[in-house]
Amino acid sequence: MTPTPPLFLLLLVLMGAQATVDLRTAAAMAAGLCKTRPTDIVFIIDSSRSVRPSEFEQVKVFLAKVIEGLDVGPNATRVGVVNYASRVKNEVSLKTHRTKAGLIKAVTKIEPLSTGTMTGLSIQFAMNVAFSEAEGARVKSPDISKVAIIVTDGRPQDSVKDVAQRARDAGIEIFAIGVGRVDMSTLKQMASDPLDDHVDYVESYSVIEKLTKKFQEAFCVSDLCATGDHDCEQVCISSPGSYKCACKDGFTLMDNGRSCTACSNAATDVVFLIDGSKSVRPENFELVKKWINQIVDKLDVSDSKAHVGLVQYSSSVRQEFPLGRYNNKKDLKEAVKKMAYMERGTMTGQALRYLTDNSFSAGQGARPGVAMVGIVFTDGRSQDYIVEAAKKAKKQGLKMYAVGVGNAVENELKEIASEPTGEHYFYTADFKAMSHIAKKLQINICKEEDPCECDTLVKFQKKVEDALQALTKKYNGMSKRIALLENKIV
């Protein structure tokens, strides 16, 4: 009697059990995907006369909502509140409230001081008093973060630069939130690096609540695999506040620690064709360069594997660097960062012709017999005809990816993209969402093998044998367990 039927049934049982576990896990995650890491947080809030009473109430609502998302407790997150104007008042000490409800109730009772704006004095007070052990701050430790969140709407009447630097040197991470007519240079003097993550601005107090999610997430130690906030191509393995990537059977994790390959010798020539027209705007062009480097991070860049070239276009076409000039990621990414913005028209058809006629030529570093990949980025409608140029690129064997942002025309992107279009064409309305496209865009090209070659057959046979051995081992283990259960029942 063959063991195949019971093995098949056992596999179905195991799959059903796993599905049940997955459903329970999903339900648990829906209740809360993260806890806040142990942190001493002190809010430093401006209640000078420029802050109206109704606006100060909105600040307190913002504080309460951020606190609501924290894991408040003596061994988790402790929260303090410093209120300032011309003088400074310690409203809530880090040691005072051990529960979330008590903490929020205390915040609702804070009254504005309604005088001047001594922001520097408030930072000095926080450093000397609010973050002192006497007020409940914990001893300095790599396991416990110290964070100050400053909310202000005006120009300080004292200096903040030096005192903020001393606070940062003491290990306090500073977030600066500016409202209305705030002095932006002051915010940058106070905040920790990188400034993009630590400086926020809102037009008025009425919309300050939109920052709630950012600050809840800033202190969140999440199951990054469950939330999907990871770069793993195939398998994500969680650890507290972190994760590591793995691959499915038959795939190998690449040097970047995120991507997987089934190829032992996958050489690829990749050329980025980047829209540098004036509609992109300088600040968004910097985001495009970061996006390129996100994709570069996923490639196995080396002399024998992935080579990368970069071309920028607007009303004309400019080669930034050819294939093979940089054979390591560090130099390649630095070259991408140095790309200067052209800022003119959008001649996508002309750029596509340059890609096929020049970028993938032997004279520009293309290697014979190597897979060719073109990645086209644009943010608007082409000012010339693209259909024939797009067809020519694919006819010459290029695997074409099309990425559009903002006013890009989806029909044009689909015309550029290789088949199946759904895997080679991407669109987002917002430049800031491009990182999600970088995660989705997978360049998986393997050198095709002749199925009749002996080496290929041997590899296939080995995989089958390994799979059968693993299944047999599981079956034997399950048989022993069933036998033990039967004995117990008897």
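Since the structure is predicted, the reported quantities are computational estimates derived from the model, not experimental observations. The written sequence of each chain sets the order in which its residues are numbered from 1. Where local features are concerned, this predicted model is filtered to residues with pLDDT of at least 70; where side-chain atom pairs are given and counted, the filter is 80 or more; whole-chain, interface and lining totals use all residues. Values shown for side chains rest on all heavy atoms present in the structure; no hydrogens or waters enter the calculation.

**Considering the overall build of the chain**
For the record, the criterion: Counting from the N terminus, the helices are DSSP H or I runs at least four residues long and the strands are E runs at least two residues long. Relative accessibility under 20% of the residue-type maximum defines a buried residue, over 50% an exposed one, and the middle range a partly exposed one, all with a 1.4 Å probe and only protein chains included. Contact criterion: two residues are considered in contact whenever any of their non-hydrogen atoms come within 4.5 Å of each other. For accessible areas, the Shrake-Rupley method is used with a probe of radius 1.4 Å. Any residue's cover is judged against the shown protein chains and nothing else.
Within the chain one finds 17 helices and 18 strands. By the burial criterion, 44% of the 490 residues in the chain qualify as buried. Residue pairs at least 24 apart in sequence account for 72% of intrachain contacts in the chain once pairs closer than 6 positions are excluded. Per element, the accessible surface of the chain, about 25600 Å² overall, is 53% carbon and sulfur.

**Notes on helix H13 (residues 387–395)**
Every α-helix winds through 3.6 residues per turn, so residues three or four apart in the chain are directed the same way. Regarding H13, the residues found buried are Val387, Ala389, Ala390 and Ala393. Looking at the buried positions of H13, the neighbouring elements they touch are helix H12 (348–359), strand E17 (398–405) and helix H14 (410–416).

**Overview of helix H3 (residues 100–108)**
The following threshold applies: In this description, the arc belongs to the directions extending from the helix axis to the C-beta atoms.
Every buried residue of H3 is listed here: Leu103, Ile104, Ala106 and Val107. Viewed along the axis of H3, the buried residues span an arc of 160°, placing them on a single side of the element. Among the exposed residues of H3, those oriented more than 90 degrees off its buried face are Ala101 and Lys105. Looking at the packing, one finds that the buried side of H3 touches helix H2 (53–68), strand E3 (77–84) and strand E4 (88–92).

**A short note on the state of the cysteines**
This is how it is decided: Two cysteine sulfurs form what is called a disulfide whenever their separation falls within 2.5 Å.
In the structure shown here, the tally under the stated rule is 1 disulfide. The disulfide partner of Cys232 is Cys245, and the gap between their sulfur atoms is 1.9 Å. Across the disulfide from Cys232 to Cys245, rotation about the S-S bond amounts to roughly -80°, and the bridge is consequently left-handed. On the criterion of sequence distance, the pair formed by Cys232 in the loop between helix H9 (224–227) and strand E9 (235–239) and Cys245 in strand E10 (residues 242–246) is long-range, its members being 13 residues apart.

**Re the sheet that holds strand E7 (residues 199–202)**
Counted only if it meets this: At least two bridges found by DSSP between two strands are what make those strands a pair. Axes here mean lines fitted to C-alpha atoms, for a helix over just the part in contact, with angles spanning 0 to 180 degrees between N-to-C directions.
The strand order E4-E3-E2-E5-E6-E7 describes an open sheet built from 6 strands, whose pairing is mixed. This sheet does not close on itself; its edge strands, each paired only once, are E4 and E7. Here the strands of the sheet are splayed against their neighbours by 20° on average, with no regard to which way each runs. As paired strands, strand E2 (residues 39–46) and strand E5 (residues 145–152) are joined by 7 bridges and run parallel to one another. Residue pairing across strands places Asp40 opposite Lys146, the latter belonging to E5. Sitting on the sheet, H2 is in contact with E2, E3, E5 and strand E6 (172–179), with an inclination near 170° to E2.

**Brief notes about the packing of H12 against H13**
To be explicit about the condition: We call two directions roughly parallel when the angle between them is under 35 degrees, roughly antiparallel when it is over 145, roughly perpendicular when it lies between 65 and 115, and oblique otherwise. Two helices cross in a left-handed way if the nearer one is turned anticlockwise from the farther one by less than a right angle. They cross in a right-handed way if the turn is clockwise. As a working rule, the residues Ala, Val, Leu, Ile, Met, Phe, Trp, Tyr, Cys and Pro are called nonpolar, Asp, Glu, Lys and Arg charged, and the rest polar, with Gly in that last group.
One way to put it is that H12 packs onto H13 with a least axis distance of 8 Å and a crossing angle of 20°. When the axis of H12 is compared with that of H13, the two are roughly parallel. When the axes of H12 and H13 are compared, the crossing they make is left-handed. Along its contact with H12, which presents Gly349, Leu352, Arg353, Thr356 and Asp357, the element H13 presents Ala389, Ala390, Lys392 and Ala393. Of the residues that constitute the contact of H12 with H13, the class distribution is 4 nonpolar, 2 polar and 3 charged.

**Concerning the confidence of the model for the chain**
Detailed reading of predicted coordinates is not advised where the pLDDT is low. Our working definition: Confidence of the predictor in every single residue is expressed as pLDDT, which spans 0 to 100.
Summary statistics for the chain give a mean pLDDT of 83 and a share of 80% for residues scoring 70 or more. Contacts of residues 1–32 to residues separated by more than four positions or lying in other chains number 10 contacts, the stretch itself having pLDDT below 50. Across residues 447–454 the pLDDT falls below 50, and counting only partners more than four positions away or on other chains, this stretch makes 7 contacts in the model.

**Re the pattern of salt bridges**
Note the following rule: What counts as a salt bridge is simple: a side-chain nitrogen of Lys or Arg found within 4 Å of a carboxyl oxygen of Asp or Glu.
Going through the model one piece at a time under the given rule, you end up with 17 salt bridges. The partner of Lys289 in a salt bridge is Glu286, and the shortest N-O contact between them spans 3.1 Å. Of the two residues, Lys289 and Glu286 both sit in helix H10 (residues 282–297), 3 residues apart, roughly one turn of that helix. The salt bridge partner of Asp384 is Arg353, with a shortest N-O separation of 3.8 Å. One end of the pair, Asp384, is in the loop between strand E16 (371–378) and H13; the other, Arg353, is in helix H12, and 31 residues separate them in sequence. Look at Asp384 and you get buried, because its relative accessible area is 17%. Among the charged side chains, a salt-bridge network with shared partners connects Asp40, Arg138 and Lys146.

**A closer look at the pairing of E2**
Counted only if it meets this: Here a crossover is taken to be right-handed if, once the strands point away from the viewer, the path from the first strand over the helix to the second is traced clockwise.
Taken across its 8 residues, E2 has 8 buried, putting it largely inside the fold. Of the two faces of E2, the one holding Thr39, Ile41, Phe43 and Ile45 and the one holding Asp40, Val42, Ile44 and Asp46 are both buried throughout. As defined by bridge partners, E2 adjoins E3 across 8 bridges and the pair is classed as parallel. Within E3, the position partnered with Ile44 by the bridge is Val82. With H2 bridging E2 and the parallel E3, this β-α-β connection has right-handed handedness.

**What about the sheet that holds E16?**
Each strand in a sheet pairs with another by means of backbone hydrogen bonds, the pair being arranged parallel or else antiparallel. Pairing in this open sheet of 6 strands is mixed, and the strands run E15-E14-E13-E16-E17-E18 from one edge to the other. Each edge of the sheet is formed by a strand with only one pairing partner; in this case those strands are strand E15 (317–321) and strand E18 (425–428). On average, adjacent strands in this sheet sit at an angle of 20° to one another, irrespective of strand direction. Pairing of strand E14 (residues 306–313) with E15, which is carried by 4 bridges, proceeds in the antiparallel orientation. Looking at the pairing, Val311 lines up with Gln319 of E15. Contacts between H10 and the sheet are confined to strand E13 (268–275), E14, E16 and E17, with E13 contributing the most and set at about 170° to the helix.

**A few points about empty space enclosed by the protein**
Rule in force here: Buriedness of a pocket was judged along seven lines, with at least five required to meet protein on both sides within 12 Å; pockets are open sets of points on a 1 Å grid over the protein atoms alone, cavities are sets where a 1.4 Å probe fits but cannot get out, and lining residues have an atom within 4 Å of a point. Grid points are joined across faces, edges and corners, and a volume is the space filled by probe spheres set on the points.
Per the stated rule, a full pass over the model turns up 3 cavities of 30 Å³ or more. In this structure, the largest cavity spans a volume of roughly 50 Å³. For the largest cavity, the full set of lining residues is Thr348, Thr378, Gly380, Ile386, Val409, Glu412, Leu413 and Ile416. Of the residues belonging to the lining of the largest cavity, the class tally is 4 nonpolar, 3 polar and 1 charged.

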